[in-house]
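Given next are the chains, with one letter for each unit.
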Amino acid sequence: MLKKYINAGDDTESNSYEEDISKIIDQNGGLIDKKMASQIKNTQEATKSYQKLTVDLLLKHEVVDGSIVNIEDKVYRVFNKIKMEINGTPRIKRVVVLGAEARTVSISLWDKNCNFIDSMLIQRGDSVSISSLKVRKVSDDIELSSTSGTYISRVVPSYNFKSNFSELSENERNIDIMGRILSVSPIRYFKDLDGKQSGVSECSITDGKTEAHVTLWRSSSGYSTDMHPGAYIKLEFVSVKKIDDKLEITATDASRILIGQGLGSLIGKIGKNQ
């Protein structure tokens, strides 16, 4: 159990303590009481012994539900953005997973933070620092969610992707590929097995020598509206197969699509990783 560093009964600390408690209540929209705010305060003070919590440290400690924490670790995967409506308000959500296989924590990024991941070109394998995340306990699991004060920065970049299509093997799964877009088709909509509307689109990409065909399913298909010939594209967590000696790449809801001219600057830095 985390040690309590604040004594609410100490007169010398009372004014500062009450101010901090009021601030925490305000940060949570007034939806928590003083007892919960005090628990959050205690957790914040206890975790100050770490400049940044890692995934391992976060999972080892009994962190109070509703606490605000900072974390620094590697990006295990990034999912596509999802548009939704909550109480009549349009929202955008994206799940980012930090850590390593079997030791991960999921982070729900909302709205501007959701888009910031793309604008910063943050990718799988990057080491990132994310501040002011709210802890949410679900059964025995810990999830984190962005707040109005959340800030994301890249600590160490990763260049662990393939941009030379000759190195792609048949039946590879969960790999990352980068290329340039040659052509893109419009989205075709259909009803899935649950009766919900979904989409599929296609594009062709090249490494400068070899061309590959890409099929984009469901949430990945929505990115076709942002694609145009000549732009760089990175596809994370995709599968590869060969049909008649032609490369076929498939991206699904489990994949992540990243489009941006800034991606081109990364290609010259990955030789030792390929």
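Chains are numbered independently. Their residues run from 1 in the order of the written sequence. In keeping with the model being predicted, local features are shown solely for residues with a pLDDT of at least 70 and side-chain atom pairs are shown and tallied solely at 80 or more, while totals for entire chains, interfaces and linings include all residues. As a rule here, side-chain values come from all non-hydrogen atoms in the structure, and water together with hydrogens is ignored.

Caption draft 1: Looking closely at the overall build of the protein chain. Secondary structure is summarised from DSSP: a helix means a run of H or I of at least four residues, a strand means a run of E of at least two, and numbering begins at the N terminus for each. Along its length, the protein chain carries five helices and 13 strands. Only protein chains enter the area calculation, which uses a 1.4 Å probe; residues under 20% of their type maximum are buried, those over 50% are exposed, and those in between are partly exposed. Counting over 274 residues, the protein chain shows a buried share of 42%. The long-range share in the protein chain, meaning contacts at least 24 apart out of those at least 6 apart in sequence, stands at 60%. Computed by Shrake-Rupley with a 1.4 Å probe, the accessible areas treat only the displayed protein chains as cover when residues are assessed. Per element, the accessible surface of the protein chain, about 14900 Å² overall, is 47% carbon and sulfur. Here, two residues are considered to be in contact whenever any of their heavy atoms come within 4.5 Å of each other.

Caption draft 2: Structural detail: unusual backbone geometry. Even without a glycine there, the phi angle at A102 is positive, about 75°. On the secondary structure map, A102 appears in the loop between strand 3 (89–100) and strand 4 (103–110). The exposure class of A102 is exposed, given its relative accessible area of 73%. Positive phi is not limited to glycine here, since N171 has a value of about 65°. Looking at where N171 falls in the secondary structure, it is placed in the loop between strand 6 (141–156) and strand 7 (175–184). Overall, N171 belongs to the exposed group, its relative accessible area being 56%.

Caption draft 3: Summary view of the nonpolar core. To define a nonpolar core, start from buried Ala, Val, Leu, Ile, Met, Phe, Trp, Tyr and Cys residues and group those joined through side-chain atoms within 4.5 Å. In this structure, L58, I71, L98, I107, I130 and L144 are the most contacted members of the largest nonpolar core, which totals 22 residues. Look past the residues within four positions of L58 in its chain and what remains in contact with it is L53, V63, I71, V105, I142 and L144. Among the nonpolar cores identified, the runner-up in size contains 21 residues, and C203, L235, V238 and A251 belong to it.

Caption draft 4: Up close: the pattern of salt bridges. For salt bridges, the criterion is a side-chain nitrogen of Lys or Arg within 4 Å of an Asp or Glu carboxyl oxygen. Counted under the stated rule, the structure contains 13 salt bridges. Across the pair E172 and K162 runs a salt bridge, and its minimum N-O distance is 2.9 Å. Of this pair, E172 sits in the loop between strand 6 and strand 7 while K162 sits in the loop between strand 6 and strand 7; the two residues are 10 residues apart in sequence, bridging distant segments of the chain. Across the salt bridge formed by E236 and K234, the nearest N and O atoms sit 3.0 Å from each other.

Caption draft 5: Quick look at the packing of aromatic side chains. Stacked, tilted and edge-to-face pairs are distinguished by plane angle, under 30 degrees for stacked and over 60 for edge-to-face with tilted covering the rest, among Phe, Tyr and Trp rings (Trp via its six-membered ring) whose centres lie within 6.5 Å. Enumeration over the complete set of coordinates arrives at three aromatic pairs. Geometrically, the ring pair formed by Y76 and F237 is edge-to-face, given 6.3 Å between the ring centres and 65° between the ring planes. Placement of Y76 in strand 1 (residues 68–78) and of F237 in strand 11 (residues 232–243) is noted, with a sequence separation of 161 residues between them. A relative accessible area of 9% places F237 in the buried class. With 6.0 Å between their ring centres and 85° between their planes, F190 and W217 make a pair best called edge-to-face. Of the two residues, F190 sits in strand 8 (residues 188–191) while W217 sits in strand 10 (residues 211–217), which places them 27 residues apart along the sequence. Looking at F190, the relative accessible area reads 26%, which means it is partly exposed. Put simply, a charge is over a ring when the Lys NZ or the Arg CZ is close to the ring centre, within 6 Å, and near the line of the ring normal, within 35 degrees. Looking at R77, its charged tip hangs above the ring of F237, at a distance of 3.6 Å from the centre.

Caption draft 6: Looking closely at the environment of V184. Summarising the element assignment, V184 is placed in strand 7. For V184, a relative accessible area of 31% corresponds to the partly exposed category. Here the alpha-carbon distance between V184 and H213, two residues 29 residues apart in the chain, equals 10.0 Å. Setting aside anything within four residues of it in sequence, one finds V184 in contact with E202, C203, S224 and M227.

Caption draft 7: A look at the pairing of strand 2 (residues 82–86). Of the strand pairs in this sheet, strand 2 and strand 3 are connected by five bridges, and their pairing is antiparallel. Residue pairing for strand 3: K83 is matched across the bridge by I92. When DSSP locates at least two bridges between a pair of strands, those strands are taken to pair. Counting the residues between successive antiparallel strands, the hairpin from strand 2 to strand 3 contains two residues, one of them, N87, with a positive phi of roughly 50°.

Caption draft 8: Up close: helix 4 (residues 112–119). Among the residues making up helix 4, those that are buried are N113, C114, I117 and D118. In an axial view of helix 4, the angular spread of the buried residues amounts to 155°, which keeps them on one side of the axis. Pointing more than 90 degrees away from the buried face of helix 4 are the exposed residues K112 and S119. Against the buried residues of helix 4 lie strand 1, strand 3, strand 4, strand 6 and strand 13 (256–259). Looking at the residues trailing helix 4, positive phi occurs at L121, about 55°. Note that the arc is computed from the directions linking the helix axis to the C-beta atoms.

Caption draft 9: Quick look at the environment of S132. Looking at the secondary structure, you find S132 in strand 5 (residues 127–138). Distance in space between the C-alpha atoms of S132 and G149 is 5.7 Å, their sequence separation being 17 residues.

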